[in-house]
Amino acid sequence: MNDCIFCKIVKGEIPSQKVYEDEEMLIFKDIAPIAKIHLLCIPKEHFAYLSELNDGRRALLGRMIEKIASLQAELGLKDGYRLVVNQGDSAGQTVKHLHIHILGGETLPWG
Ligand code: 5GP
Ligand code: ZN
């Protein structure tokens, strides 16, 4: 998607502070953090919503979560973290490229 800001980050057309990258995903710092540590994990392939993950891609989400868990200490999240996926306008999804928010580095309020 040409006008997608996260696709531009994947292609390096927009700068980002990357903390992890492999052939299918990217983890980088959120530009407007709402927690001491606020990272975004995105698939390199463009999907707007979870519902677009077809049978061949559904496992990608599991691999993303597994990777985040395996990097917990390296990402500075040894005391815990929260994963959030906003889906659609009423959930406040502003970027229509699937992303997992990774929040941590402090005690997070719930609700
Ligand atoms: P959403 O509200 O769609 O779940 O979250 C989108 C997130 O992307 C927001 O937390 C916002 O701060 C972040 N964001 C938007 N544009 C950029 C950008 O150009 N670079 C980075 N690093 N984060 C961005
Ligand atoms: Zn995209």
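That block above? That's the structure.
Note that the structure is predicted; figures quoted are calculated from it, not measured.

## Digging into the overall build of the chain
Across its full length, the chain holds 2 helices and 5 strands. Going from the N terminus to the C terminus, the chain shows its helices and strands as α-β-β-β-α-β-β. What you see for the chain is a C-alpha radius of gyration of 14 Å, in line with the 13 Å of a compact globule of 111 residues. Taken over the C-alpha atoms alone, the chain extends approximately 35 × 30 × 30 Å along its principal axes. Considering the chain as a whole, with its 111 residues, one finds that 36% of them fall into the buried category. For the chain, restricting intrachain contacts to residue pairs at least 6 apart in sequence, the fraction spanning at least 24 positions comes to 51%. Roughly 6,700 Å² of accessible area belongs to the chain as shown, and the carbon and sulfur atoms make up 53% of that amount.

## Structural notes on the coordination of the zinc ion (ligand 2)
By definition of the ideal shapes, a tetrahedral metal site with four donors has angles of 109.5 degrees and an octahedral site with six donors has angles of 90 or 180 degrees. Protein coordination of the zinc ion (ligand 2) is provided by C4 (SG), C7 (SG), H46 (ND1) and H97 (ND1), with donor distances spanning 2.0 to 2.3 Å. For the zinc ion (ligand 2), the 4 donor atoms in the first shell make angles of 105 to 117° at the metal, a pattern classed as tetrahedral. Taken in sequence order, the residues that donate to the zinc ion (ligand 2) follow the motif C-x2-C-x38-H-x50-H. Here C4 is found in the segment before α1 (5-11), whereas its partner H46 is found in the loop between β3 (37-43) and α2 (58-70), with 42 residues between them in sequence.

## Digging into the pairing of β3
The element β3 is extensively covered by neighbouring structure, given that 7 of its 7 residues are classed as buried. Residues of β3 alternate between two faces, with I37, L39, C41 and P43 on one and H38, L40 and I42 on the opposite face, all of them buried. In the sheet, strand β2 (residues 25-29) pairs with β3 via 5 bridges, with the strands oriented antiparallel. Within β3, the position partnered with F28 by the bridge is L40. In this sheet, strand β5 (residues 100-104) lies alongside β3 in antiparallel orientation, the contact comprising 5 bridges. Bridge assignment links L40 to a residue of β5, and that residue is H101.

## Quick look at the layout of surface pockets
Empty space among the atoms can be located by rolling a probe the size of a water molecule over them. Considered as a void within the structure, the largest pocket measures approximately 390 Å³ in volume. Around the largest pocket, the lining is made up of 20 residues, and of these F6, F28, D30, I31 and L40 lie nearest the centre. The set of elements that each furnish at least two residues to the lining of the largest pocket consists of α1, β2 and β3. The element that contributes the greatest number of residues to the lining of the largest pocket is α1, accounting for 3 residues.

## What to know about the pattern of salt bridges
Summed over the entire model, instances satisfying the criterion amount to 8 salt bridges. Note that K44 and E21 form a salt bridge whose closest N and O atoms lie 2.8 Å from each other. Placement of the pair is K44 in the loop between β3 and α2 and E21 in strand β1 (residues 18-21), with a sequence separation of 23 residues. Owing to a relative accessible area of 40%, E21 belongs among the partly exposed residues under this scheme.

Scoring rules and cut-offs
Here the residue index of a chain counts from 1 through its sequence in written order. The order in which chains are written sets their letters, starting at A; the order in which ligands are written sets their numbers, starting at 1. Thresholds applied to this predicted model are a pLDDT of at least 70 for local features of residues and 80 or more for the giving and counting of side-chain atom pairs; totals over whole chains, interfaces and linings are not thresholded and use all residues. Only hydrogens and water are set aside when side-chain values are computed; all heavy atoms of the structure are taken into account. Under the DSSP-based scheme used, a helix requires at least four consecutive residues in state H or I and a strand at least two consecutive residues in state E, with every element numbered from the N terminus. Here the globule rule reads 2.2 Å times residues to the power 0.38, and the radius of gyration is calculated from C-alpha atoms. Only protein chains enter the accessibility calculation, which uses a 1.4 Å probe; a residue whose area is less than 20% of its type maximum is buried, one above 50% is exposed, and one in between is partly exposed. Note on contacts: a residue pair is in contact if any heavy atoms of the two residues lie within 4.5 Å. Surface exposure here means Shrake-Rupley accessible area, sampled with a 1.4 Å probe, where a residue is shielded only by the protein chains that are shown. Donors, by definition, are the N, O and S atoms found within 2.8 Å of a metal, the threshold being 3.2 Å for Na, K and Ca, and water is not counted, so a site can look incomplete. Any coordination sphere not matching a tetrahedral pattern (four donors, all angles between 85 and 135 degrees) or a square planar or octahedral pattern (four or six donors, opposite donors over 155 degrees apart, other angles between 65 and 115) is reported as irregular. Note on pairing: DSSP must find at least two bridges between two strands before they are called paired. Throughout, the protein atoms alone are placed on a 1 Å grid, and a set of points is a cavity if a 1.4 Å probe fits but cannot get out or a pocket if it is open with protein on both sides within 12 Å along at least five of seven lines; lining residues have an atom within 4 Å of a point. Grid points are joined across faces, edges and corners, and a volume is the space filled by probe spheres set on the points. Criterion for a salt bridge: a side-chain nitrogen of Lys or Arg within 4 Å of a carboxyl oxygen of Asp or Glu.

Interpretation note: all reported values are geometric properties and have no functional meaning in isolation.
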